[in-house]
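# Coordinate analysis (summary)
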Amino acid sequence: MDIEEILGDSGPFARLIEGFIPRYAQLQMASAVAQALDGGKVLVAEAGTGTGKTFAYLVPALLSGQKIIVSTGTKNLQDQLFQKDLPLVKKALGVPVEVALLKGRANYLCPHRLDLAMNGGRFSSRSESHEIQEIRQWSGTTQTGDIAECHQVSESSMVWSRVTSTADNCLGGDCEFLSDCYLNHARRRAQEAELVVVNHHLFFADLSLRDEGVGELLPAADSFIFDEAHQLPDVAANFFGITMSGNQLLELARDTIAEDINEAGEDRRLRVTAEQLEKGVKDLRLALGESMRRAPWSEVADDKKVIAAIEQIGEELDSLQDALEPQADRGKGLASCLSRCSEFRTRLEVLTRNPPEDHIHWFETHTRSFTLNLT
């Protein structure tokens, strides 16, 4: 059965979906996608609302026999595609294609960081403590560790940053919970699947790592399909160059304190120095202005309050590094904090001086944080 028959008025979709009506534009797009996949070509397709674009690329993708990565513009669309559209198309086609969902590491519970949060006992509010307990209970039942499954705690809650990992704070092969790592399990499923659903942020994170020769996040694939491809330039801008956020610095401070407690530290110098870094980050956010905006760094480069706040953060990172150096051999977590501290000190230096001519130097402020970028 060819694509026109499959998406036609007597095909499997017409039998499976009540009210299904064949659409000429959908057939055109599906045929074009099939030809591009078969010939290894590049296709850019634009179609209006109601065309049925998702089916138009999923049908030829599942029939192609290739390893394909489908990248979506948002996590919501990614979940919808994987949980609703893909099962429906697989059922209609009757094909035994293995599919997998893969998100960025911040979307998966990290057992090590949950353990740190539970043992550290340092919560900013009762609600945060309650949410940690809810996550702890959920962790005993989840199979995937995908935080979208934990309906007891909003995905927008700040508490998730305490129990998920980043590329900076992940202990990798040194982690005692490596065999229980949900992210590793998800990546293994993606390696084995024939069609993998990701999002643009993860795709470019992978591309930037490969560009730096560091490694890779995604499996190799024969073809890539980008849904909502018009978002690619904005997403790409966040991954090519150097960036550092206030949240990364706050997480370093919090992790230093938690790891110190976890290793039964008795010297309060680490905690005091980390708390000073937290204050410095908040001071820089205030110095950058109350409003949320994205602007060239040149707009604030000569602001005395911004200059003073940056100098203060630099001094606090130096102090934290000095405090961590004699403590790093107490545990892998503290050693990781030392490495991150050194890296952030270097980034701060690069991100606050005059940029190379072929780079865009800019910053962005958020409700409680900020990002410095050299793109």
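See the structure above.
As a starting point, this report considers the structure included with it.

Taken together, four strands build an open sheet; the order of strands is β2-β3-β1-β4 and the sheet is parallel. Of all strands in the sheet, those with a lone pairing partner are β2 (99-101) and β4 (223-226), marking the two edges. Within this sheet the neighbouring strands show an average axis-to-axis angle of 20°, counted without direction. With three bridges connecting them, β2 and strand β3 (residues 195-199) associate as parallel partners. Bridge pairing in β3 places Leu 101 opposite Val 197.

This brings us to the pattern of salt bridges. Inspection of the entire model under this criterion finds 15 salt bridges. With a shortest N-O distance of 2.8 Å, Glu 128 and Arg 162 are connected by a salt bridge. Here Arg 162 lies in helix α8 (residues 160-163) and Glu 128 lies in helix α7 (residues 126-139), a separation of 34 residues in the sequence. Arg 347 is the partner of Asp 168 in a salt bridge, and the nearest nitrogen-oxygen pair spans 3.5 Å. Highlighted residues: Asp 168 in the loop between α8 and α9 (182-192) and Arg 347 in helix α15 (residues 332-351), separated in sequence by 179 residues. The pair Asp 168 / Arg 347 is uniform in exposure class, with both members buried. Linked through salt bridges whose partners overlap, the residues forming this network are Asp 79, Lys 103 and Asp 146.

With that settled, consider helix α6 (residues 111-120). Burial within α6 is extensive, with seven of its 10 residues counted as buried. Looking at α6, one finds that the buried residues are Pro 111, His 112, Arg 113, Leu 114, Leu 116, Ala 117 and Gly 120. Looking at the buried side of α6, the elements it contacts are α7, α8, α9 and α12 (246-262).

Let us now look at unusual backbone geometry. Non-glycine residue Glu 228 carries a positive phi angle of around 60°. Within the element layout of this structure, Glu 228 appears in the loop between β4 and α11 (232-237). On the basis of relative accessible area, Glu 228 is assigned to the partly exposed category, the value being 33%.

This brings us to the pairing of strand β1 (residues 68-72). Judged by how many residues are buried, β1 sits mostly within the fold: five of five residues are covered. Direction of pairing for β1 relative to β3: parallel, over a ladder of five bridges. Bridge pairing links Ile 68 to Leu 195 in β3. Two elements, β1 and β4, share four bridges in a ladder whose sense is parallel. When the bridges of β4 are listed, Ile 69 appears paired with Phe 224.

The rules behind each value
Residues numbered from 1 in each chain as written. Predicted model: local features only at pLDDT ≥ 70, side-chain atom pairs only at ≥ 80, totals over all residues. Heavy atoms only, no water. Pairing = 2+ DSSP bridges. Helix = DSSP H or I, 4+ residues; strand = E, 2+ residues; numbered from the N terminus. Axes fitted to C-alpha atoms, helices over the stretch in contact; angles between N-to-C directions. Salt bridge = Lys/Arg side-chain N within 4 Å of Asp/Glu carboxyl O. Buried < 20%, exposed > 50% of the residue type's maximum accessible area, 1.4 Å probe, protein only. Contact = heavy atoms within 4.5 Å.

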